[in-house]
Every structure is written in C-alpha cells, then in structure tokens.
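# Descriptive structure summary
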Amino acid sequence: MSALIRVGAVNYLNTKPLIERLSDFAPNIELSLDLPSRLADALAAGEIDVGLIPIVEYFRGDNYSFIPNIAIGSRGPVLSVTLFSRVPWPEIRSVSLDEGSRTSAALTQILLRKRYGLNPRLEPLPIDAPADDLTTDAVLLIGDRAMRACLPGYPFAYDLGQEWTDWTGLPFVYALWAVRDGVELGEAEGAFHKAKELGLANAGVIAQREAAALGLDAGYCRRYLTNLIRYDLGPRELAGMRKYQELCAELGLVPSAVLASGVA
C-alpha cells in the first residue's frame, strides 16, 4: 500500500480547480484546507508533506521543491489581491496588512518601497477583523474577502497583480505546490496534474457550485477562474518568481538564493 501523503491547500475560490477530485486520483492523498500562512507553518513543521503555500514562504523554506507547471498566478489584474487606500500611492504613510497571506504582504512592501520610494508604518490586520473602521491610510485584503469587499471609505482600489505587471512586465505567481525535502511523491505527482486538468475543464461547474457560499455572482466567479487566474508555471512565470525573490531579498524579506527546480 502506498504511503500516506498529507496535502494542504487553501480554501479559496482560486484553489478549487487545483484540488478538484484530487484524492480520487491518488487515494493515498489526505487533503486538508487552511489559510495560506497556516499551511506554510504546517509544511515547515512537517505536519503536511505537500502544501499549496505562498511563494514568499517557498523562498523561506528549508530546501523545498515544487510540482512543475502548476501555480496560482496572474498576468495583469487578479481581483483577489487589492490595496484599498484613502489616498494615492505617493501619499500612503500607513498600511494594514491582511494576515491571511504573506506573499501579498511582501508584494505590498515591494511596491511601496521599491516602486514608489515609500516606507510607511505597517500594521497587521487579523484574519477575522473588519476592515471598514481602520485608521490606516490603506489596507491590503486578499482572497475571497478582497473579492467581496467594497470599502466605500477608501476611494482608491489598487489591484496588485496589475500593479506588478505594469511595473515589471512579468506575471506574478502567488502560490505553488511546495514539497517538503525528503518526500517522494511517486505516481501521486500525476494526481495533481489530473486534478488541475479536470478543474480547468469544469471551471463553470466549480464557479456555479462555489458562488452562493461566497455571496458572489456565478458568472463573475467563472470569469475570475477562466480569464484572470493563471494556473500554469511556464518560463515567464518562473521569471516573475525570480524577480520577486530578488526584490524580497533586497528588502531582507527572504534569504538570497537560487530558485529551486521542480520535483520532476
């Protein structure tokens, strides 16, 4: 009998196409769902073997590899990573950062410090805390919460996927399947690719299924999954990852290192 492989994924809409019937394709996979930051901690602690973790945590990890050609990324607007602000970029002096994702928090710091030359005060925004009554100039929201948010008190809404691509000309990768050092996936690696193929082929079905619980329009969810989120990890995406890693290292957010290869 094949050894159990503990897999952790994010419980966001953009994750659903990557985990569609994943355990059916490899019965030895045990799938659990959690927040991206908690998944990263679980992978680092050896509590899971494979995690769909934020890119910044992949760079901070201990000799992780990754499953090739699968990621959650964008080539322009992403909708689910938004910096809401009371003022234009050059006037931002304080930011609340959603604790749900460390990658987007680091991306916010890169844009503020490297693109706009700012060094604002940073404050954490707990996962369940409301974002409507904050005192900071700006607030970063991610995931399904960002897609539902309106925040009328913040007249500016900056899509960080669009901001990154406008600045660098590169795609941005938010998460990938990181594999803990010493874990052998064997034939189970194919299950991740099969789940992705099935999920993308059934994006409309997934959107219809998930929309009501999110309080979002099903058509909106489908366009998000099919037109905005990119699930491949090709040469351009890898270039975007390297650029992000380089900028994070310059700010002391990750160690300086060479981008590791995939498991295949």
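Just so we're clear, the structure is a prediction, and the values are computed from it rather than from any experiment.

### Let's talk about the packing of aromatic side chains
In this structure the tally under the stated criterion is 13 aromatic pairs. Seen in terms of ring centroids, Trp89 and Tyr158 are 5.0 Å apart; in terms of plane orientation they differ by 35°. Their pairing is tilted. Separated by 69 residues along the polypeptide, Trp89 in the loop between strand E5 (81-85) and strand E6 (94-98) and Tyr158 in strand E9 (residues 156-159) bring together distant segments of the chain. Accessibility expressed as a relative area gives 4% for Trp89, which makes it buried. Classification of Tyr158 as buried rests on a relative accessible area of 14%. Taken together, a centroid distance of 6.3 Å and an interplanar angle of 75° make the contact between Trp164 and Tyr244 edge-to-face. Residue Trp164 is found in helix H7 (residues 160-168), and its partner Tyr244 is found in helix H11 (residues 235-250); the two are separated by 80 residues along the sequence. Assessed through its relative accessible area of 1%, Tyr244 is described here as buried.

### Remarks on the side chain of Glu237
In this structure, Glu237 sits in helix H11. A polar atom in the side chain of Glu237 sits 2.9 Å from the backbone nitrogen of Gly234. Other than its neighbours up to four places away in sequence, Glu237 contacts Arg75, Pro171, Val173 and Asp232.

### Thoughts on the pairing of strand E3 (residues 50-54)
Along E3, five of the five residues are buried, which leaves the element largely enclosed by surrounding structure. Sheet topology places strand E1 (residues 5-10) next to E3; two bridges connect them, and they run parallel. Bridging from a neighbouring strand, Val7 pairs with Val50 of E3. Relative to strand E10 (residues 172-179), E3 runs antiparallel, the two being bridged by five bridges. Residue pairing across strands places Gly51 opposite Ala178, the latter belonging to E10.

### A few points about the pattern of salt bridges
Tallied over the full model, the rule gives 16 salt bridges. Across the pair Asp49 and Arg6 runs a salt bridge, and its minimum N-O distance is 3.0 Å. Pair noted here: Asp49 is in the loop between helix H3 (36-44) and E3 and Arg6 is in strand E1, with a separation of 43 residues, a long-range link. The class for Arg6 is partly exposed, based on a relative accessible area of 25%. Asp24 is the salt-bridge partner of Arg21, the closest N and O atoms lying 3.2 Å from each other. Arg21 gets classed as partly exposed once you look at its relative accessible area, which sits at 48%. Members of the salt-bridge network, linked through shared partners, are Asp41, Glu57, Arg60 and Arg102.

### Focus on the nonpolar core
Among the nonpolar cores identified, the biggest contains 89 residues, and Val50, Leu83, Ile92, Leu160, Trp177, Phe192 and Tyr244 are the most heavily contacted of them. The greatest single-element share of this core, amounting to eight residues, is contributed by E10. If we skip the residues at most four places from it in the chain, Leu160 touches Val81, Leu83, Trp89, Ser104, Leu107, Thr108, Leu111 and Leu140.

### As for the sheet that holds E10
Strand order in the open sheet formed by six strands is E2-E1-E3-E10-E4-E11, and the pairing between neighbours is mixed. Where the open sheet ends on each side, the last strands, each with one partner, are strand E2 (29-34) and strand E11 (229-230). Both strand E4 (residues 65-74) and E10 contribute to a ladder of six bridges, which runs antiparallel. Opposite Ser74, over in E10, you have Phe172 as the bridge partner.

Calculation criteria
- Residues numbered from 1 in each chain as written.
- Predicted model: local features only at pLDDT ≥ 70, side-chain atom pairs only at ≥ 80, totals over all residues.
- Heavy atoms only, no water.
- Phe/Tyr/Trp six-rings, centres within 6.5 Å; stacked < 30°, edge-to-face > 60°.
- Helix = DSSP H or I, 4+ residues; strand = E, 2+ residues; numbered from the N terminus.
- Buried < 20%, exposed > 50% of the residue type's maximum accessible area, 1.4 Å probe, protein only.
- Polar contact = N/O pair within 3.5 Å; in protein donor to acceptor, adjacent residues only side chain to side chain.
- Contact = heavy atoms within 4.5 Å.
- Pairing = 2+ DSSP bridges.
- Salt bridge = Lys/Arg side-chain N within 4 Å of Asp/Glu carboxyl O.
- Core = buried A, V, L, I, M, F, W, Y, C linked by side-chain atoms within 4.5 Å.

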